[in-house]
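Structural description and commentary
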Amino acid sequence: MNDFLTLMQSELALTLILFILLIVKIGSEKMSNKSLLGFINVMLIINLLIGISSLWMQRPGGTLFSGMFITNSLILFEKNILNLGILIISLSAFDWLKNHKHLTEFFMLLIACVIGMFFMISSGNFLIFYLSLELATIPLAAMCNYDMDKRISSEAAMKMIMSSAFSSGILLFGISMMYGTTGTISFTELPQLLDGSPLQIFAFILLFTGFAFKLSVVPFHLWTADVYEGAPVAVTSFLSVISKGSIVFIFITTLYNAFRYYADLWYNVLFLSAVITMTLGNFFALRQQNMKRFLAFSSIAQVGFILIGISGSSSLGTTSAVYFILIYVFSNLGAFGVVQMISSLTGKERIDDYKGLYKTNPFLTWILTLSLFSLAGIPPTAGFFGKLFLLTAGASQGNYVLITIAALNMIISLYYYLKVVRAMFMDANENPVERIKGSTPANAALIICAIGIVVVGLISSIYDYINNIANFGF
Amino acid sequence: MLDATYIALIPLLPLASFVILGLFGRKYFKNFSGIIGTTSLFVSALLSLVTAYQYFFVSGKLDGVYQKIIALKYTWLQFSPNVSIDMGILLDPISVMMLVVVTFVSLMVHIYSLGYMKGEERFPTFYAFLALFTFSMLGLVVSSNIFQIYIFWELVGVSSYLLIGYYYDRPSAVAASKKAFIVTRFADLGFLIGILILSFYAGTLDFNTLIERLTNFESSQLKEIATASFLGISALTWGLVLVFIGGAGKSAMFPLHIWLPDAMEGPTPVSALIHAATMVVAGVYLVARLFPVFALSCPAALEVVAYVGVLSALLAALIACTQTDIKRVLAYSTMSQIGYMMFALGVSGYYGEDGTGYMASMFHLFTHAFFKALLFLGAGAVIHFVHTNEMTEMGGLRKYLPITHITFLIACLAIAGVPPFAGFFSKEEILVAAQHHNQLIYWIALITAGLTAFYMFRLYFSIFWNKEHHPHGEHHGEGPATMMIPLIILGIGAALAGFVPFNKLVTATGSILETEFHLNATTIMAVSVGLAGILIAMRLYKTQNDLPERISSSLKGLYRASYRKFYIDEIYLFVTKKIIFNLIGRPAAWIDRNIVDGFMNLLGSSSQTISEEISVMQSGRVQQYAAYFFAGAMGLALLFIYIWTK
């Protein structure tokens, strides 16, 4: 019982918040949105602090339910990255949610979704993996629909649920064939039973597409742009950071542990997907005019880089990917935070609308610039170190073709990120975004992101720490 | 041993002033920010001099050889048990020399800007950027680790981007800063890959270890990197050439030089700092830093350095002869002189007298810093006075700007290689080295020397002699003392820097290089070519006449080609617009239109009506997505089942 409480503490903490929200929803009709949001944010902060303190105490890992649920320091750290992410999203969504009718439900959906992700990261077999994946997906579709008076938002939700259903079907098909050929669904038993038969490879590819869909790897990415554009910005940022992050975490675990027999196979699959994903993602991002769509495509390109890191198949691969996700949380949420503030206060979302932003909103401009620099990987922002370690992990396999293509893609991405920066600083605009005064929580979120972008890269002990726990968990 | 703590202060002081001015400058130190920045740099410069004294004359030598001393080392990131990224301070003759050059020139620019930039609205910001740049440059020169140098390299790029684009309300400045950033980024890509290759094979990022392993013919690392090959060229050559490409980008070597002339859009003191003495020589410094590897293990890569250098020197000198914007003339002249330093490295050997080229290159880097910074600052004073960059609108300024005139003349004599000014000694050594090594390079270098003298004196006479100046309106004098003092100090430097005994201080091996100076044919040739250039310029430009017109019309094709900078910008435009855009951009756009967007236009584009969007939803795009999904899955499955089972 004691084990149960300590090992599952992250999940239990969120579940507790979920129930508190339910009670609040039933009990307090009169509470204003602002105080509700404050209450929720405080709970999320406490949640994060508890998480960090348990990392501090270095609890040993363990398994529950005969190996269905696994946890260790690395997994706990990953969960706390997600906790941090939802806190930032919740803070920066303040302006959008303060007048929303269904505020509590939004957070209930969000937290249910994150609980799903937590179980997914901790899953020890295919069954719990599949179930938690679904738990992490279905509330998301509802969240996509949260701009309820906008048709585009409903459309996004529809597309999300339809595409997810399709992908889940294929994933399930893969799992069942995997079970058919090996007779097990446990990740730990799987490696001994894999034999390289064509049917098994087929099953593996289908499983891969399930991950690839969630990560928006080309050509499984087509839903991304529409859904990202249609969904409210908070949900879009959740999709592009939290959702992707959680999938990357479990993806690494399954590849490195359950499928290490197929290391050659998935190395090549990752190589191919990384090249296609980076390149096409970049070329699509080049011509986007809508800020959200732009970030959507650029995040596709970022995934290509993550795949390179994962393909390194060493503890360096794990470390670099987890480290990158941590940085990505700050950089992308910083960018989305600014887009969110501008979108919810003025309704403007096009890149052209950002022309001359520096004249009216220098603070937002600097935050967005910093985030974009970090996304583009320009030193000394953290994004540079993140990309660098991904590339180094990838280079450890000695594949310079891959690294060269990646480096070229970095240049292309630099071009379009700078294009936005230029628009904000240099271009004249007769009708610029007016001076915006964001709420305190939203500004706090932006400042947290900015600090993160600067600090995570420069303090090397963060990387060392991840490296240590990644080795331990390996 | 040297005490490390004060050496660390040299780069940290500018960093501190950047932080203070960047955060609080505009609010609290509106008027004092210049003083704060200058003071901190003054202390840095003093400390650099102390360091140089300590190193060269007290504790740097062991058995007559200058040592490479790691004064400070902090392991920033332990990558794997053997590879770590360190932040450290490496002291050796070139890094100590660079410390002095960078802090000194930067100090001059700081003082000069007190007058030149006075009254600018973003005055504190300007000083913050200057401090950031100086910090990055100092961090670069003391790097003990190839990775540290890369980080500071990029930081230098960022801060120069900020400085070039300082007048951000001018579209041309913005375009120039962007061009500089992107071109150098392209080169940095080569640098990064080069670093990865070298460090992958050498198994270390530390400079000393890396050089030691890659120059020792017994080491397994060298054997491995020399035998591994790609496209028939060894990995070592690839690595070094790629690193050199990085250096060529920052140092504006052909064909990556196109950003430099445009970068003149920045404020003039910035040009003096970045484009004369510091950032543009970073590439030379990088090659010099890895010089033992180049010279001992891979002469082929050194040949590339030599030819790129001499070609850039000649081409830039030709272009400089026809430019009329005075800052552009200086920009091309910088490129030409850096080409000199590069090919001097390229023709150099390592041991004994073969190492003359290396010593000469560093020597020229040192003297060039003085006279080129002086030229830029002098040009700044001229522009300050006449409010134009066009030399055709100047003339007869010697009466109005006496101090500028004299110092500018000293600088011109120095760059033209007239004895006993600084440039004479260093250029002389370079020519000697080239003559010993490669006749072709020597002759090109000699022609370039003549051209250099010609275009510099064309500039000088056009500004200060030629037609009479008719000042319109109020004549506001030469400029405040803060602008004149740096000119005078640099003038003294440009006159005397040649007497520094470089062969005793800065050599490839660290021990004394015995070169005795004697008057021979090489010296006479070099000086007479320089004088010939000066005389021709005098005949053409000292007084107003139509000779230049006649000559330029008789040499129409060549002159035009030179004036249009040999159409290099046009070629770039052609390649980017026609080839990249049509062959890559268009197909990408096509795929995007036809595959991603399917049968309809972009969702969310404002021209779209809602009804169309409904019809789109009903047209079954999600099915189409699913179809692609399915096709992708099947494609992967077929591909990999085929490969795997084969």
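Residues numbered from 1 in each chain as written. Chains lettered and ligands numbered in written order. Predicted model: local features only at pLDDT ≥ 70, side-chain atom pairs only at ≥ 80, totals over all residues. Heavy atoms only, no water.

Here the focus is the overall build of chain A. Along its length, chain A carries 21 helices and 2 strands. Across the 474 residues of chain A, 67% fall into the buried class. Across chain A, every contact between residues at least 6 apart in sequence was considered, and the portion connecting residues at least 24 apart equals 82%. Accessible surface computed for chain A: about 15200 Å², of which carbon and sulfur atoms make up 67%. (Helix = DSSP H or I, 4+ residues; strand = E, 2+ residues; numbered from the N terminus. Buried < 20%, exposed > 50% of the residue type's maximum accessible area, 1.4 Å probe, protein only. Contact = heavy atoms within 4.5 Å. Areas by Shrake-Rupley, 256 points an atom, 1.4 Å probe, with all protein chains shown as cover.)

Attention now goes to the overall build of chain B. Regarding its fold elements, chain B presents 27 helices and 6 strands. Looking at chain B as a whole, 62% of its 646 residues are labelled buried. Intrachain contacts of chain B at a sequence separation of at least 6 include 78% that bridge at least 24 residues. When the accessible surface of chain B is summed, it comes to about 24800 Å², and 67% of that surface belongs to carbon and sulfur atoms.

Applying the stated criterion to the full structure yields 13 salt bridges over all chains. Close ionic contact of Asp147(A) with Lys150(A) constitutes a salt bridge, the shortest N to O distance being 3.7 Å. The exposure class of Asp147(A) is buried, given its relative accessible area of 13%. Put simply, Asp188(B) and Lys250(B) hold a salt bridge, and the shortest N to O gap is 3.9 Å. Taken together, the residues Asp188(B) in helix α6 (residues 171-202) and Lys250(B) in helix α9 (residues 235-250) connect sequence positions 62 residues apart. One salt-bridge network, held together by shared partners, links Glu155(A), Lys159(A), Asp226(A), Glu229(A) and Arg293(A). (Salt bridge = Lys/Arg side-chain N within 4 Å of Asp/Glu carboxyl O.)

Each side of the interface is counted separately: chain A has 64 residues, and chain B has 55 residues. Roughly 6000 Å² is buried in total at the junction of chain A and chain B, and carbon and sulfur atoms are behind 79% of that figure. Inspection of the chain A/chain B interface yields 0 residue pairs in polar contact (both at pLDDT 80 or more). At 11 residues, the largest contribution of residues to the side of chain A that touches chain B is made by helix α19 (residues 400-425) of chain A. (Buried area = accessible area lost by both parts, 1.4 Å probe. Polar contact = N/O pair within 3.5 Å; in protein donor to acceptor, adjacent residues only side chain to side chain.)

Before going further, it helps to examine the environment of Leu540(B). Residues and elements named next belong to chain B. By the element assignment, leucine 540 lies in helix α22 (residues 521-541). Since its relative accessible area comes to 8%, leucine 540 is described here as buried. Separated by 79 residues in sequence, leucine 540 and phenylalanine 461 have C-alpha atoms that sit 9.1 Å apart.

A separate point is helix α12 (residues 282-289) of chain B. Judged by how many residues are buried, α12(B) sits mostly within the fold: 8 of 8 residues are covered. Buried within α12(B) are the following residues: Ala282(B), Gly283(B), Val284(B), Tyr285(B), Leu286(B), Val287(B), Ala288(B) and Arg289(B).

The next thing to look at is unusual backbone geometry. Residue and element names in this part refer to chain A. Backbone geometry at serine 216 places phi at a positive 55°, although glycine is not the residue there. Examined against the element boundaries, serine 216 turns out to sit in the loop between α10 (198-215) and α11 (222-230). With a relative accessible area of 0%, serine 216 lands in the buried category.

Moving on: the confidence of the model for chain B. Should pLDDT be low for a region, the predicted coordinates there are not to be read in detail. Residues and elements named next belong to chain B. For chain B, the average pLDDT comes to 76, and 83% of its residues sit at 70 or higher. Taken as a whole, residues 587-620 scores under 50 in pLDDT and shows 40 contacts with residues more than four places along the chain or in a different chain. This complex was scored by the predictor with a pTM of 0.67 and an ipTM of 0.80. (pLDDT = per-residue confidence, 0-100.)

On to the packing of helix α15 (residues 326-346) of chain B against helix α19 (residues 439-464) of chain B, then. Residues and elements named next belong to chain B. Between α15 and α19, whose axes approach to 11 Å, the crossing angle comes to 155°. Put simply, α15 runs roughly antiparallel to α19. The handedness of the crossing between α15 and α19 comes out as left-handed. Residues Ile326, Val329, Leu330, Ser333, Ser336, Gln337, Tyr340 and Phe343 of α15 form the contact with α19, whose participating residues are Ile441, Ala445, Thr448, Ala449, Thr452, Tyr455, Met456, Leu459 and Ile463. The residue inventory of the contact of α15 with α19, partitioned by class, reads 12 nonpolar, 5 polar and no charged. (Axes fitted to C-alpha atoms, helices over the stretch in contact; angles between N-to-C directions. Parallel < 35°, antiparallel > 145°, perpendicular 65-115°, else oblique. Left-handed = near helix turned anticlockwise from the far one by under 90°. Nonpolar A, V, L, I, M, F, W, Y, C, P; charged D, E, K, R; others polar.)

Okay, the packing of aromatic side chains next. Residue and element names in this part refer to chain A. Across all of its chains, the model carries 42 aromatic pairs over all chains by this definition. Pairing tryptophan 223 with tyrosine 228 gives two aromatic rings, centres 6.4 Å apart and planes at 85°, and the pair type is edge-to-face. For tyrosine 228, a relative accessible area of 0% corresponds to the buried category. Ring geometry for tyrosine 261 against tyrosine 262: centres 5.2 Å apart, planes inclined by 75°, an arrangement best described as edge-to-face. Exposure remark for tyrosine 262: the relative accessible area of 0% places this residue in the buried category. (Phe/Tyr/Trp six-rings, centres within 6.5 Å; stacked < 30°, edge-to-face > 60°.)

Residues and elements named next belong to chain A. Along the chain, the position of methionine 148 falls in the loop between α7 (126-144) and α8 (151-182). Once the C-alpha coordinates of methionine 148 and proline 232 are considered, the two residues, 84 residues apart in sequence, prove to be 9.7 Å apart. Beyond its immediate sequence surroundings of up to four residues, methionine 148 is in contact with His100 and His102.

On to the pairing of strand β4 (residues 84-91) of chain B. Residues and elements named next belong to chain B. Along β4, 7 of the 8 residues are buried, which leaves the element largely enclosed by surrounding structure. Sheet topology places strand β3 (residues 69-78) next to β4; 8 bridges connect them, and they run antiparallel. Of the residues in β4, the one forming a bridge with tyrosine 74 is methionine 87. (Pairing = 2+ DSSP bridges.)

Moving on, we come to helix α2 (residues 9-27) of chain A. Helix length check: α2(A), at 19 residues, gives a terminal C-alpha distance of 26 Å against a target of 27 Å (1.5 Å per residue), a fit within 8%. Along α2(A), the positions that sit buried rather than exposed are Gln9(A), Ser10(A), Glu11(A), Leu14(A), Ile17(A), Leu18(A), Leu21(A) and Val24(A). (Expected span 1.5 Å × (residues − 1).)

Mapped onto the elements, Ile45(A) comes out in helix α3 (residues 33-56). Measuring from C-alpha to C-alpha, the distance between Ile45(A) and Leu87(A) comes to 6.8 Å, with 42 residues separating the pair along the chain.

A few words now on the nonpolar core. Residues Phe107(A), Phe238(A), Phe259(A), Ile310(A), Met362(B) and Phe457(B) are the most contacted members of the largest nonpolar core, which totals 413 residues. Take this core: its biggest share by element is 20 residues, from helix α16 (residues 356-386) of chain B. Non-local contacts of Phe259(A), meaning those with residues more than four positions away in its chain, are made with Phe126(A), Met178(A), Leu190(A), Leu194(A), Phe204(A), Leu207(A), Thr254(A) and Trp266(A). Core analysis: the second largest hydrophobic core is formed by 19 residues, Tyr340(B), Ala344(B), Ile430(B) and Leu446(B) among them. (Core = buried A, V, L, I, M, F, W, Y, C linked by side-chain atoms within 4.5 Å.)

A few words now on the state of the cysteines. Considering all chains together, one arrives at 0 disulfides over all chains under this definition. We note that Cys113(A) lacks a disulfide partner, and the nearest cysteine sulfur, in Cys144(A), lies 9.5 Å from it. (Disulfide = S-S within 2.5 Å.)

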